[in-house]
Every structure is written in C-alpha cells, then in structure tokens.
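Observations on the model geometry
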Amino acid sequence: MKITAKDILKPALILFVICLVVTALLAGTNLLTKDKIAEQSALEAEQSRKVVLSDADSFEEADGYYIGKANNETVGYVFQTEAKGYGGAVKVMTGISADGQITGVVILEHSETPGLGANAEKASFTDQFKQTAPEKGIALVKNKAPSDGEIEAMTGASITSRAVTNAVNEAITKYNTVKEGA
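Owing to the predicted nature of the structure, the values given are computational and were not obtained by experimental measurement.

Attention now moves to the pattern of salt bridges. Evaluation of the coordinates by the stated rule reveals seven salt bridges. With its nearest N and O atoms 3.8 Å apart, the salt bridge here joins Lys36 to Glu39. Note that Lys36 and Glu39 are positioned in helix 1 (residues 5–52) at a spacing of three residues, about one turn of the helix. We classify Glu39 as exposed; its relative accessible area is 51%.

What follows is the structure, given as structure tokens:
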C-alpha cells in the first residue's frame with residue numbers, strides 16, 4: 001500500500017485545527033477568569049494576614065511586608081516568605097507582634113507529599129512557632145522535646161519541617177531588620 005501526501009496531510013490538518021480551537025478556548029477561559037482568580041488570591045492573603053496577626057484591625061503594605069495596625073497603633077508585622085521543600089517551594093506567612101512574639105504561621109502554598117509533608121498545615125505543627133522570636137532564628141530538633149527557640153520536626157517530613165522553619169526564620173530576619181530601622 002502506497003501512502004500519499006493526502007493520507008498524511010488530512011489527519012495532520014485536522015489535528016492542527018483541534019489544537020488551535022482548544023488553545024483559543026483555554027486562552028478565552030484564562031481571560032475571563034484571571035481577574036476573579038487575582039481577587040480570590042488577594043482575599044485569601046487578607047484572611048491569612050488576619051489569622052497570623054489577629055490583633056490587627058487593618059494592614060498597611062510596606063516594603064515587602066505588611067504592618068498590622070489596631071486603633072492606628074502598630075501591633076505587629078506580617079511577612080510572606082518561602083523556602084525549598086521536598087516537593088518544591090513552600091510559601092509561608094508569618095505574623096510577629098511589635099514586641100517580638102510570633103503570633104501565627106500559615107502555609108499558603110506547597111507541593112509536599114500528602115499525608116506527610118502536607119501535615120505542615122496542621123495547627124499541631126504551626127502552633128509550635130508561637131513563641132518569642134529568637135534573634136538567630138528557630139532551631140529544628142528531632143526525637144526530643146523542644147525547648148525555647150526550638151520546634152520539633154514532623155516525623156517522616158523533616159525536609160518540609162526544615163523548609164517551614166527556614167521560611168519562618170527568614171521572616172524573623174526581616175522582622176529584626178524592620179525593628180532596627182524603626
């Protein structure tokens with residue numbers, strides 16, 4: 001059997017048209033939903049700021065962080081940082097009060113293993129960070145009870161634990177820089 005140019009071109013042209021239509025539909029969907037996605041993302045970020053710094057009534061954007069205010073007084077700061085985890089970047093939001101207490105930690109985004117690294121979102125892990133922010137950062141310990149300035153790594157997810165701790169420590173460094181400049 002002899003293959004002609006028509007036998008090759010016809011399916012290729014049909015496939016090209018299908019791909020063109022699908023691409024146009026995806027582009028149209030993206031165009032219609034991008035504003036809603038950005039709005040939803042901003043709303044989630046605002047809610048996360050209220051979770052990590054609950055004493056604040058409002059937030060004022062500064063140079064790479066937010067200043068939490070209540071009755072026009074600064075009550076703390078919110079920093080968004082990220083570190084490399086097992087499955088990619090782990091984005092973390094950290095609230096630190098004006099007097100240096102870590103008031104909350106929220107995992108904004110991650111690609112960690114479900115059932116292991118994804119447990120970093122649980123309060124049993126993130127609440128460990130609620131302590132005075134050590135000047136040199138929080139240390140990660142394994143197989144022992146943490147003391148001041150330490151948190152215990154999650155079993156089976158030490159890379160994720162380290163990533164979250166590194167992101168919180170980056171927030172502490174930024175907080176110290178902000179406090180020195182104030």
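Attention now goes to the pairing of strand 5 (residues 102–109). As paired elements, strand 4 (residues 89–97) and strand 5 share six bridges and run antiparallel to each other. Pairing of Gly95 across the sheet is with Gly104, part of strand 5.

Within this structure, the stated rule accounts for five aromatic pairs. Measuring from centroid to centroid gives 5.5 Å for Tyr65 and Phe79, while their planes differ by 35 degrees, and the two rings are tilted. On the criterion of sequence distance, the pair formed by Tyr65 in strand 2 (residues 65–70) and Phe79 in strand 3 (residues 73–84) is long-range, its members being 14 residues apart. Overall, Phe79 belongs to the buried group, its relative accessible area being 0%. In this structure an aromatic cluster arises from ring pairing among Tyr65, Tyr77, Phe79 and Tyr175. Across from the ring centre of Phe59, 5.9 Å away, lies the NZ or CZ of Arg49, which sits over that ring. A cation over an aromatic ring shows up here: Arg49 above the ring of Tyr66, its NZ or CZ 3.9 Å from the ring centre.

With that settled, the discussion passes to the side chain of Thr165. Following the sequence through the fold, Thr165 ends up in helix 3 (residues 158–181). You can call Thr165 buried: its relative accessible area is 2%. Leave out the neighbours within four places in its chain, and Thr165 touches Phe129, Ile138, Leu140 and Ile151.

Attention shifts here to the environment of Gly100. In this structure, Gly100 sits in the loop between strand 4 and strand 5. For Gly100 and Asn176, which are 76 residues apart along the polypeptide, the C-alpha to C-alpha distance reads 8.8 Å. Every residue in contact with Gly100, bar those within four places of it in the chain, is listed here: Gln131, Thr132, Ala133 and Tyr175.

It is worth spelling out the nonpolar core at this point. One finds Phe79, Val92, Ile102, Phe129, Val164 and Val168 to be the most contacted residues of the largest nonpolar core, which totals 27 residues. Put simply, the parts of the chain that give this core at least two residues each are strand 2, strand 3, strand 4, strand 5 and helix 3. Per-element accounting of this core gives the leading share, eight residues, to helix 3. Ignoring any residue separated from it by four or fewer positions in sequence, one finds Val168 in contact with Thr81, Val92, Thr94, Ile102, Val105, Phe129 and Ile138. Val52, Phe59, Val78 and Met93 belong to the second-largest nonpolar core, a separate cluster that totals seven residues.

Taking 1.5 Å of rise per residue, the 48 residues of helix 1 would be expected to cover 70 Å, and the 65 Å separating its terminal C-alpha atoms lies within 8% of that figure. A bend of about 45 degrees at Thr33 is the largest found in helix 1. Every buried residue of helix 1 is accounted for by Ala45, Ser48, Arg49 and Val52.

Looking now at the environment of Tyr86. Topologically, Tyr86 is positioned in the loop between strand 3 and strand 4. Along the chain, Tyr86 and His110 lie 24 residues apart, while their C-alpha atoms are 9.4 Å from each other. Not counting residues within four places of it along the chain, the set of residues in contact with Tyr86 comprises Glu112, Thr113, Ile159 and Thr160.

Rules used in this analysis
- Each chain has its residues counted from 1, following the order in which its sequence is written.
- Given that the model is predicted, a residue must reach a pLDDT of at least 70 before its local features are reported, and side-chain atom pairs must reach 80 or more before they are shown or counted; all residues, however, enter totals for whole chains, interfaces and linings.
- Hydrogens are left out, water is left out, and the side-chain values use all remaining heavy atoms of the structure.
- We define a salt bridge as a contact between a side-chain nitrogen of Lys or Arg and a carboxyl oxygen of Asp or Glu at a distance within 4 Å.
- Secondary structure follows DSSP: runs of H or I at least 4 residues long count as helices, runs of E at least 2 residues long count as strands, and numbering of each begins at the N terminus.
- Relative accessible area decides the class of each residue, using a 1.4 Å probe on protein chains only: under 20% of the type maximum gives buried, over 50% gives exposed, and in between gives partly exposed.
- By the convention used here, strands pair only if DSSP detects at least 2 bridges between them.
- Pairing of aromatic rings covers Phe, Tyr and Trp, the last counted by its six-membered ring, and requires centre-to-centre distances within 6.5 Å; plane angles under 30 degrees mean stacked, over 60 mean edge-to-face, and any other angle means tilted.
- Placement of a positive charge over a ring is assigned whenever Lys NZ or Arg CZ falls within 6 Å of the ring centre and within 35 degrees of the normal to the ring plane.
- Here, two residues are considered to be in contact whenever any of their heavy atoms come within 4.5 Å of each other.
- Joining through side-chain atoms within 4.5 Å is the link that ties buried Ala, Val, Leu, Ile, Met, Phe, Trp, Tyr and Cys residues into a set, and such a set is a nonpolar core.
- The span you would expect from a helix comes to 1.5 Å times its residue count less one.
- What the bend at a residue measures is the angle between two axes, fitted to the seven residues ending there and to the seven starting there.

Read these as spatial facts, not as claims about activity.
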